[in-house]
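Structural characterization, general
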Amino acid sequence: MNTLTHFASPQLPLLHRGKVRDSLRAPSGDRLIIVTDRLSAFDSVLETAIPHKGAVLNGLANFWFEKTAHIIPNHVIKLIDANAMLVKEAEPIKVEMIVRNYITGSMLRGYQKGQRTFSGVTVPEGLTKHQQFPEPIVTPTTKEESDREITPENLVSEGWVTKELYDQMAVKSLMLFAVGSKLLAEKGIILVDTKYEFGLLNGKLILIDEMHTPDSSRFWSAEDYAKNPETAEQMDKEYVRQWLIANKKDGQYPRALTPEVAQEASRRYLDIYERIVGEPLPTAEPETADAPGSGRHDARARLLANLVQAGILKDAWVNIVMGSPADKDHCEKIRQQFEGYDVFTQLRVTSAHKNGEAIAGMAEIWNNSIEPGVIIAVAGLSNGLGGALAANVNVPVISCPPYKDYAELAMNLNSSVIMPSGTPNLTVVRPDNAAQGALRALNLPRLRERLSKDILATKAKLRAADEELKAL
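Residues numbered from 1 in each chain as written. Predicted model: local features only at pLDDT ≥ 70, side-chain atom pairs only at ≥ 80, totals over all residues. Heavy atoms only, no water.

1. Things to note about the packing of aromatic side chains
- Counting across every chain of the model gives five aromatic pairs.
- Taking 5.3 Å as the distance between ring centres and 85 degrees as the angle between the ring planes, the aromatic pair formed by Phe-63 and Trp-64 counts as edge-to-face.
- When its relative accessible area of 0% is taken as the criterion, Trp-64 is described as buried.
- Considering the side-chain rings of Trp-220 and Tyr-225, the 5.4 Å spacing of their centres and the 15 degrees angle between planes classify their relative orientation as stacked. The same class applies to Trp-220 and to Tyr-225, which are both buried.
- Directly above the ring of Tyr-111 sits Arg-116, whose terminal nitrogen or CZ lies 3.7 Å from the centroid.
- It is Arg-450 that lies over the ring of Tyr-341; its NZ or CZ is 4.1 Å from the centre. (Phe/Tyr/Trp six-rings, centres within 6.5 Å; stacked < 30°, edge-to-face > 60°. Buried < 20%, exposed > 50% of the residue type's maximum accessible area, 1.4 Å probe, protein only. Lys NZ or Arg CZ within 6 Å of the ring centre and 35° of its normal.)

2. Some remarks on the packing of helix H6 (residues 238–246) against helix H7 (residues 259–277)
- H7 packs onto H6 with a crossing angle of 155 degrees between their chain directions and a minimal axis gap of 9 Å. Accordingly, the angle class assigned to the pair H6 and H7 is roughly antiparallel. Residues Tyr-239, Val-240 and Trp-243 of H6 pack against Glu-260, Val-261, Glu-264, Ala-265 and Arg-268 of H7.
- Residue composition of the contact of H6 with H7, grouped by class: five nonpolar, no polar and three charged. (Axes fitted to C-alpha atoms, helices over the stretch in contact; angles between N-to-C directions. Helix = DSSP H or I, 4+ residues; strand = E, 2+ residues; numbered from the N terminus. Parallel < 35°, antiparallel > 145°, perpendicular 65-115°, else oblique. Contact = heavy atoms within 4.5 Å. Nonpolar A, V, L, I, M, F, W, Y, C, P; charged D, E, K, R; others polar.)

3. Quick word on the nonpolar core
- Ranked by internal contacts, the top residues of the largest apolar core, which has 57 residues, are Met-97, Met-169, Tyr-196, Phe-198 and Ile-276.
- Setting aside residues no more than four positions away along its own chain, Met-97 makes contact with Val-138, Pro-140, Tyr-166, Met-169, Ala-170, Ser-173, Thr-194, Lys-195, Tyr-196 and Phe-198.
- Of all hydrophobic cores here, the second largest spans 22 residues; its members include Ile-320, Phe-338, Ala-435 and Leu-442. (Core = buried A, V, L, I, M, F, W, Y, C linked by side-chain atoms within 4.5 Å.)

4. Observations regarding the environment of Val-35
- As for its placement among the helices and strands, Val-35 is situated in strand E3 (residues 31–35).
- A relative accessible area of 1% places Val-35 in the buried class.
- The spacing of Val-35 and Asn-394 is 359 residues in sequence and 24 Å in space, taken between C-alpha atoms.
- Setting aside its immediate chain neighbours within four residues, Val-35 contacts Leu-4, Val-20, Arg-21, Gly-54, Leu-57, Asn-58 and Asn-83.

5. Topic: the pattern of salt bridges
- Applying the stated criterion to the full structure yields 30 salt bridges.
- Asp-193 is the salt-bridge partner of Arg-218, the closest N and O atoms lying 3.1 Å from each other. Of this pair, Arg-218 sits in strand E15 (residues 217–221) while Asp-193 sits in strand E13 (residues 189–201), and the two are 25 residues apart along the sequence.
- For Arg-218, a relative accessible area of 18% corresponds to the buried category.
- For Asp-193, a relative accessible area of 6% corresponds to the buried category.
- Beyond isolated ion pairs, a larger network of salt bridges with shared partners links Glu-96, Lys-143, Lys-195, Glu-197 and Asp-209. (Salt bridge = Lys/Arg side-chain N within 4 Å of Asp/Glu carboxyl O.)

Here it is, written out as structure tokens:
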């Protein structure tokens with residue numbers, strides 16, 4: 001299945017990797033949020049991703065941010081891709097504002113055990129499963145390793161927020177819930193409960209994260225609820241949860257879903273999107289409608305193309321990795337050769353012998369990068385770096401050892417060329433050839449076209465020189 005499970009790029013520093021979202025620092029200083037197709041259930045991320053899930057969450061969040069901008073400003077700058085959103089960098093408030101309109105879920109379980117006060121809100125006696133409250137209530141929780149119920153008074157006394165700020169958040173949360181409930185009711189959907197997250201931007205309260213998505217909210221079919229409130233089924237990943245419960249073995253939930261369950265979960269997410277927005281998810285068109293090579297149904301290719309178009313990424317990278325800072329001048333000579341080719345280059349330092357453990361962290365990014373890349377290793381004497389890199393990465397590795405004279409070159413070449421099996425390290429002597437080899441290894445159509453022009457230009461110069469000299 002075509003899914004986006006992981007995002008990485010040497011070009012963008014990772015800020016946070018959550019269960020579903022990856023946050024990175026964009027070149028502008030803003031935050032780039034990638035919404036993946038990962039699915040979490042029972043506090044763990046499943047091995048199986050759900051096709052189109054990330055695009056559904058991202059698209060719905062953008063839909064609701066636009067619908068509620070008159071109530072409170074939000075962090076959205078631009079929707080970059082079906083799975084990517086560029087947002088303003090706000091200072092997050094570590095409080096989740098949970099608005100509930102029905103007694104269900106964890107609140108119902110607490111109620112059935114005799115609890116009547118939740119986050120400082122006391123609910124009446126005699127409530128039945130899934131019964132609606134007289135009016136929506138706000139039950140805040142802290143955002144910690146383990147979120148906890150907390151009263152508004154304790155939020156203030158513990159220093160999470162000021163009373164004035166909490167009151168603003170509570171008012172805005174109820175206003176947002178009212179807008180969401182009204183619009184969804186028109187589409188036959190009940191907004192049961194949801195969470196809102198806020199931040200401060202230049203001292204002003206704004207809405208961040210997501211809103212009214214299947215991952216942040218509970219939806220019921222109004223038709224199902226009217227038939228029997230107590231059996232109303234959640235219109236999101238509850239289907240997956242129930243399958244996991246039914247297939248639990250030896251106290252353990254399955255780590256992966258069957259293809260049929262993943263496909264059905266995908267269908268349900270797409271159905272929720274279409275019911276709310278009023279039209280199908282654009283990136284979920286039938287495969288037969290795809291133009292060959294367009295990448296519309298390749299989530300990674302589409303995402304990369306849109307990030308490049310937005311000026312957030314270059315379409316390829318080259319990391320020049322040196323074994324010692326003493327090799328910096330040699331690395332700069334290599335780096336200069338990439339000028340004019342519009343390729344992202346970066347210098348890194350790690351020694352195969354002295355801190356080889358650092359390679360694993362670098363390789364995690366290189367091996368999962370959304371864009372193609374090449375590594376150039378710069379290390380002399382006993383060159384273990386090229387081999388160590390080549391054995392741990394899935395991108396081409398070219399060694400270009402530094403040298404002062406031909407005697408040192410001969411020694412360095414020996415350690416760079418002779419490698420054990422499973423370490424496909426290539427060796428090039430000249431810095432310019434190392435760069436040219438990397439450009440060819442990237443194998444991008446635009447680079448191949450440019451290199452073809454370079455070759456023709458070289459041929460033309462040689463012909464001109466031949467014409468000039470043969471006349472002498």
